[in-house]
Structure formats: structure tokens, C-alpha cells
Amino acid sequence: MTQHQHRPTGITVISILMIIGGLILLFTGIAPLVIGPLISIDSDYSTSSLGFLITIGGLALVILGIASLIVSWGLLKGKTWARTITLIISFIAIIFAIISLVSSGELTHVISIIIYGIIIYYMFTDKVKLFFGRVKEPTI
């Protein structure tokens, strides 16, 4: 990335949305991390297993929340790996949205397909590729 290259507005918007999503995941995961071990204190095996699963689920949410915050920081800083991870996540999200659309028939999944499609398209625009150092700056 060149020193004078400014961050595209869309990257800032995507990053802010990822920060919000990351914080939601982080705070959503904290409750199961606290509640899971409390459930596991019970001596009943099935209840203990449930507490363990709740704890693991909470841990997964916290990890995903932290990862989302790290990727959003990478996007803001123009890190190539953050762009790559965002593209991978977007492609996976589209695949899951298509599967959900086909299996449930709910048209609300079309919104996810459109949003992630726009993100993928945007990440391949020259302005964004230039910001992430994927293309050379035009000499014209």
C-alpha cells in the first residue's frame, strides 16, 4: 500500500459492521462461558454434558468475535490477509445462504446472498485492490 493511498469508504463500512458483529459475538459468548460451568456442577451426567457443550459453544462465540475484530482491524489497515479472509467468509456465507434457501424455501436468505455478493464484487474493484496492494497504481 502506498503512503498516499486512502482507505475506500466501503472498506470502512464493512469494517464497522464486522466490529459490531464481533462485539455481538463476543458478548453473546460470555453468558454461556459463565453459565456452562455452573450447569456442570450438577452431578447428573446428562446435565454435566449439557453444561460442557454450552461452555464450548460460548468459547466458540468468543473466539469468532475476537477473530472478527482482528479481521476488521486488518481491513482498516489495508492488510492483504484480511481482504482474503473477508472473501473466503463471504463465499462460505453465500454457499450456506443458498443451502438454507433451498432447504427452507425462505426468501430472506436471498438478502444474505445479495449482501455477500456485493462485498465480493466490491473487494475485486480496482480501488479496493489498489488499497490492499493487489494492483499497481495507474501512472496516467
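In case you missed it, the structure is sitting above this.
Below is a summary of the structure that appears in this document. (Residues numbered from 1 in each chain as written. Predicted model: local features only at pLDDT ≥ 70, side-chain atom pairs only at ≥ 80, totals over all residues. Heavy atoms only, no water.)

## A short note on the overall build of the protein chain
What counts is decided by this rule: To qualify as a helix, a DSSP run of H or I must reach at least 4 residues; to qualify as a strand, a run of E must reach at least 2; elements of each kind are numbered from the N terminus. Categorising residues by exposure relies on relative accessible area from a 1.4 Å probe, with only protein chains included: less than 20% of the type maximum marks a residue as buried, more than 50% marks it as exposed, and the intermediate range marks it as partly exposed. Residues are treated as being in contact if the distance between any of their heavy atoms lies within 4.5 Å. In short, Shrake-Rupley with a 1.4 Å probe defines the accessible areas, and a residue's cover is counted only from the protein chains shown.
When helices and strands are tallied, the protein chain shows five helices and zero strands. Mapped in sequence order, the helices and strands of the protein chain form the string α-α-α-α-α. Taken across its 140 residues, the protein chain has 28% of its residues classed as buried. Long-range contacts, defined here as pairs at least 24 residues apart, represent 66% of the contacts in the protein chain between residues at least 6 apart. As displayed, the protein chain has an accessible area near 9,100 Å², and 75% of this comes from carbon and sulfur atoms.

## Details of a nonpolar patch on the surface
The following threshold applies: Excluding any residue in a salt bridge, patches collect residues exceeding 30% relative accessible area, merging like charges within 9 Å and nonpolar Val, Leu, Ile, Met, Phe, Trp and Tyr side chains within 5 Å. Salt bridges are defined as contacts in which a side-chain nitrogen from Lys or Arg sits within 4 Å of a carboxyl oxygen from Asp or Glu.
Taken together, the side chains of Leu 23, Phe 27, Ile 30, Val 34, Ile 35, Leu 38 and Ile 41 define a hydrophobic patch exposed on the protein surface, amounting to about 690 Å² of accessible area. Looking at where Ile 35 falls in the secondary structure, it is placed in helix α1 (residues 9-40).

## A short note on the side chain of Arg 83
What counts, and what does not: The convention is simple: Lys and Arg are positive, Asp and Glu are negative, and His and the chain ends are not counted.
If you trace the backbone, Arg 83 turns up in helix α3 (residues 80-104). Although Arg 83 is buried, it makes no salt bridge; Asp 126 carries the closest opposite charge, 8.8 Å away. Filtering out sequence-adjacent residues up to four positions away, Arg 83 remains in contact with Leu 75, Met 123, Phe 124, Val 128, Lys 129, Phe 132 and Arg 134.

## Considerations on the packing of aromatic side chains
Inclusion rule: Any pair of Phe, Tyr and Trp rings, taking the six-membered ring for Trp, is counted once the centres come within 6.5 Å. Such a pair is stacked with planes under 30 degrees apart, edge-to-face with planes over 60 apart, and tilted for the rest. Geometrically, a charge over a ring is one whose NZ (Lys) or CZ (Arg) sits within 6 Å of the ring centre while staying within 35 degrees of the ring normal.
Applying the stated criterion to the full structure yields one aromatic pair. Plain terms: the ring middles of Phe 131 and Phe 132 are 5.1 Å apart, the flat faces sit at 75° to each other, and that makes the pair edge-to-face. No difference in accessibility class separates Phe 131 from Phe 132, as the two residues are buried. For the cation-ring pair, Arg 83 lies above Phe 124, with the distance from its terminal atom to the ring centre recorded as 5.0 Å.

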